[in-house]
Amino acid sequence: MVTLLKVQGITKQFGGLLAVDGVNLEVRQGEILGLIGPNGAGKTTFFNILTGLYVPDEGSIEFEGRAIHGLKPFQIANCGISRTFQNIRLLKEETVLENVKVGMFGKTSSGLWSSILGLKRAKEEERLTEEESLRILETVGLKGYEGSLAGSLSYGNQRRVEIARALVSKPKLLLLDEPTAGMNAEEVQEMSSLIRQIRKNGTTVILIEHNVAMVVGLCDRVAVLDHGIKIADGTPQEIVENPDVIEAYIGKEEMTEVV
Ligand SMILES: Nc1ncnc2c1ncn2[C@@H]1O[C@H](COP(=O)(O)OP(=O)(O)OP(=O)(O)O)[C@@H](O)[C@H]1O
């Protein structure tokens, strides 16, 4: 399988704390990779490094063979990496459609002045963005919600809007930071189906997730962080049987439930 993302020796320190410590990780095109680990293990910091919010102290990141560490967030987004956040970040007083269209920001080629002056090219881009946003809303199961205020939607549906916003720019790699946080069992099932659909449509996924049963059922491979160090990487079955993982993270009882 083709390697999409290759991370080598990535390290990030905050004061005396090594939040991410020499992490190596390869992500293959078309896979769903789970990233798990206890609270404070460095998972979100790792996403922040991948997306350019943090510059790593050491290490390299290649995306499709091109070095991307040190690039600005918008440059990394333009390479085809998109994300959602742990805490829902929507414009709650705006419509669902407007929220999704925001995901195209920086992608359209018409400049600010063309937009303000309503030039033909800007209008055409606006129409295409709207069309694509409506298509993505249908993919994530929100057809008919485009005119609703984002803040009026259920928690689960707000998460879908966030995912739609991340997908509208047609990313090659989607990073999902705890997409099922606060969801009930039915919503978790629906989220798993949506992630499978996203992969089927051609997007590779890295998923930070605390719900181990979901990770085991959904992911092709799982990587485990503990205190910033990657302690394991393998198939879900290998991970749930790995003694280091059991000790560091989940505890024997919980692990046996999902094996
Ligand atoms: N900007 C920052 N400044 C200082 N410390 C930070 C910063 N960002 C993260 N940290 C610290 O780095 C460590 C890793 O945090 P991170 O949020 O990456 O963990 P996590 O695995 O995502 O945890 P959780 O599962 O709770 O979301 C934590 O100790 C955190 O307090």
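Since this is a predicted model, take the numbers as computed values, not measurements.

Novice: I would appreciate a short explanation of helix α7 (residues 185–200) in the present structure.
Specialist: Side chains of residues three or four places apart in an α-helix project in the same direction, reflecting 3.6 residues per turn. With 16 residues, α7 extends 23 Å between its outermost C-alpha atoms, agreeing within 8% with the 22 Å of an ideal straight helix rising 1.5 Å per residue. Of the surrounding secondary structure, the elements contacted by the buried residues of α7 are β3 (32–36), α6 (155–167), β7 (173–177), β8 (204–208) and α8 (212–218). One or two steps after α7, the chain reaches Gly202, where phi turns positive at roughly 110°.

Novice: Would you mind going over the confidence of the model for the chain with me for this structure?
Specialist: Low-pLDDT stretches of the model should not have their predicted coordinates read in fine detail. Residues of the chain with pLDDT of at least 70 account for 90%, and the chain-wide mean is 90. Confidence drops under a pLDDT of 50 for residues 252–259, and excluding neighbours within four residues, the segment shows 10 contacts in the predicted structure. The ipTM value of the predicted complex is 0.96, and its pTM value is 0.91.

Novice: Is there a simple way to think about the domain arrangement of the chain in this case?
Specialist: Quoted interface sizes are often the accessible area lost when the parts come together. Looking at the chain, the domain boundaries give domain 1 (1–80 + 171–259) and domain 2 (91–169). Contact residues are listed per partner, giving 12 residues for domain 1 and 11 residues for domain 2. For the side of domain 1 that touches domain 2, the elements supplying multiple residues, two or more each, are α2 (73–79) and α7. Class assignment for the residues of the side of domain 1 that touches domain 2 results in eight nonpolar, three polar and one charged.

Novice: Looking at this structure, I do not really get the sheet that holds β7. What am I missing?
Specialist: Across a sheet, strands are paired by hydrogen bonds formed along the backbone, either parallel or antiparallel in direction. What the six strands build is an open sheet, ordered β6-β7-β8-β3-β9-β10; its pairing is mixed. This sheet does not close on itself; its edge strands, each paired only once, are β6 (81–83) and β10 (229–234). Here the strands of the sheet are splayed against their neighbours by 20° on average, with no regard to which way each runs. As judged from the four bridges shared by β3 and β8, these two strands associate in the parallel manner. Residue Leu35 lies in a different strand from β8, and its bridge partner there is Ile208. Packed on one face of the sheet, helix α1 (residues 43–50) meets β3, β6, β7, β8 and β9 (221–226) and runs near 150° to β7.

The rules behind each value
Residues numbered from 1 in each chain as written. Predicted model: local features only at pLDDT ≥ 70, side-chain atom pairs only at ≥ 80, totals over all residues. Helix = DSSP H or I, 4+ residues; strand = E, 2+ residues; numbered from the N terminus. Expected span 1.5 Å × (residues − 1). Contact = placed C-beta atoms within 7 Å. pLDDT = per-residue confidence, 0-100. Domains from an automatic or database assignment. Nonpolar A, V, L, I, M, F, W, Y, C, P; charged D, E, K, R; others polar. Pairing = 2+ DSSP bridges. Axes fitted to C-alpha atoms, helices over the stretch in contact; angles between N-to-C directions.

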